[in-house]
Amino acid sequence: MKHWLNLHRLALGSTLRLFATSPLASSLNLLVIGIAVALPLGLYTLVGNLSQLAGRLPTEPEASVFLQTTASQADINRIKALLGQEPAVAEVRHISKQQALRDLEQSSGMAELLAGLGDNPLPDAFSLTLKDGNPATQEALSNRLKADPAVEHVQMDSEWARRLASFINLGREATVTIAALFGAGLLLVTANLIRMQILTRREEIEVSKLIGATDSFIRRPFLYFAALQGLLGGLVGLGLVAISLGRLATPVDQLAALYGEQFKLSLPQWHDLLMALAVVMALSLTGAIFSVRKHLRALDA
């Protein structure tokens, strides 16, 4: 066991010397890996934050029905009775054109300007709470209501939430695709870097083999190099994502304040970050293993 630990200590020391002898090249390699990690990790972080925002949205589906401005009281009563009989509607609230105008005056602060319009340009409307959020059910209800001549427009208020959910699903698929592409690129970059290290130290490796060094002894420093490079590159990528979130924090806070909300961008959970670092190290090690095995066989030939 002591001998085994000494071998690993020597391999780790050799790896650290590789970093120390070429600090500029090592820094550039870590930056390349960090950028490759930051892009999919940043997209994953963005999708995660959007998912949190979607989770805070109202879950009850709602709809708004706007009548023609010329609709009579009889039309209003008929539509109200029709909505009360709809099996898909849980609750109906009538908003008269007078109430809509008062609400607009209070929310816009343009009471004097609106008072000068003379006739009220706003229509009567109904606010609906639906029992079912199924898109097909909502579409059927919307079509039935639009067929009434007294109805001007039907707006499903949950429609934008469904668009957001579709965008989040698209973001997840894009994250997986980009992560796979950059993962393959990281594997190839590591394999090529290890190849260059082997070619640079070819004479040293040949001498080591002549005095009895095993393949595992020769291979071990390169594997340590790849694992350490993957870990440090992953930390660089994590730092880039954190810096980007810090720069976006103030604009996001200002945008959320305009909608009366409080929303802050945050990094993924710590176990997700550890998983990302582990994947980066595994890809680096995989590229190193293939490269070392191939070129050691070439040296033996």
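Up top is the structure.
Residues numbered from 1 in each chain as written. Predicted model: local features only at pLDDT ≥ 70, side-chain atom pairs only at ≥ 80, totals over all residues. Heavy atoms only, no water.

A. How the structure looks around the sheet that holds strand β2 (residues 89–95). On the basis of which strands lie adjacent, the open sheet formed by four strands has the order β2-β3-β1-β4 and antiparallel pairing. Either end of the sheet is taken by a strand with one partner, and the two such strands are β2 and β4 (151–156). Each neighbouring strand pair of the sheet contributes to a mean axis angle of 20 degrees, computed without reference to strand direction. Looking at chain direction, strand β1 (residues 62–67) and strand β3 (residues 125–130) are connected through five bridges and run antiparallel. Paired with Phe66 across the bridge in β3 is Ala125. Those strands touched by helix α3 (residues 73–84) are β1, β2, β3 and β4, and its axis lies near 0 degrees from that of β3. Packing of helix α6 (residues 135–146) onto the sheet brings it into contact with β1, β2, β3 and β4, and relative to β4 it is tilted by some 170 degrees. (Pairing = 2+ DSSP bridges. Helix = DSSP H or I, 4+ residues; strand = E, 2+ residues; numbered from the N terminus. Axes fitted to C-alpha atoms, helices over the stretch in contact; angles between N-to-C directions. Contact = heavy atoms within 4.5 Å.)

B. Structural context of the environment of Thr129. As for its position among the elements, Thr129 is in strand β3. Here Thr129 falls in the buried class, since its relative accessible area comes to 16%. Separated by 68 residues in the primary sequence, Thr129 and Pro61 place their C-alpha atoms 6.2 Å from one another. (Buried < 20%, exposed > 50% of the residue type's maximum accessible area, 1.4 Å probe, protein only.)

C. Summary view of the environment of Leu283. Assignment of secondary structure puts Leu283 in helix α10 (residues 270–300). Accessibility expressed as a relative area gives 23% for Leu283, which makes it partly exposed. Once residues lying within four places of it in the same chain are set aside, the contact partners of Leu283 are Gly183, Leu186 and Leu187.

D. Looking closely at the layout of surface pockets. The computed volume of the largest pocket comes to approximately 720 Å³. Considering the residues around the largest pocket, the lining is formed by 29 residues, among which Pro40, Leu41, Tyr44, Thr175 and Ala276 are closest to the centre. Elements supplying a minimum of two residues to the lining of the largest pocket: α2 (23–55), α7 (159–200) and α10. Take the lining of the largest pocket: its biggest share by element is eleven residues, from α2. (1 Å grid on protein atoms, 1.4 Å probe; cavity = no way out; pocket = protein on both sides within 12 Å on 5 of 7 lines; lining within 4 Å. Points joined across faces, edges and corners; volume = space filled by probe spheres on them.)

E. Structural detail: empty space enclosed by the protein. Scanning the model with the defined rule gives one cavity of 30 Å³ or more in all. Around the largest cavity sit Val37, Leu41, Gly234, Leu238, Leu273, Ala276 and Leu277, which together line it. Elements with a minimum of two residues in the lining of the largest cavity: α2, α9 (215–258) and α10. Broken down by element, the residue count for the lining of the largest cavity peaks at three residues, all from α10.

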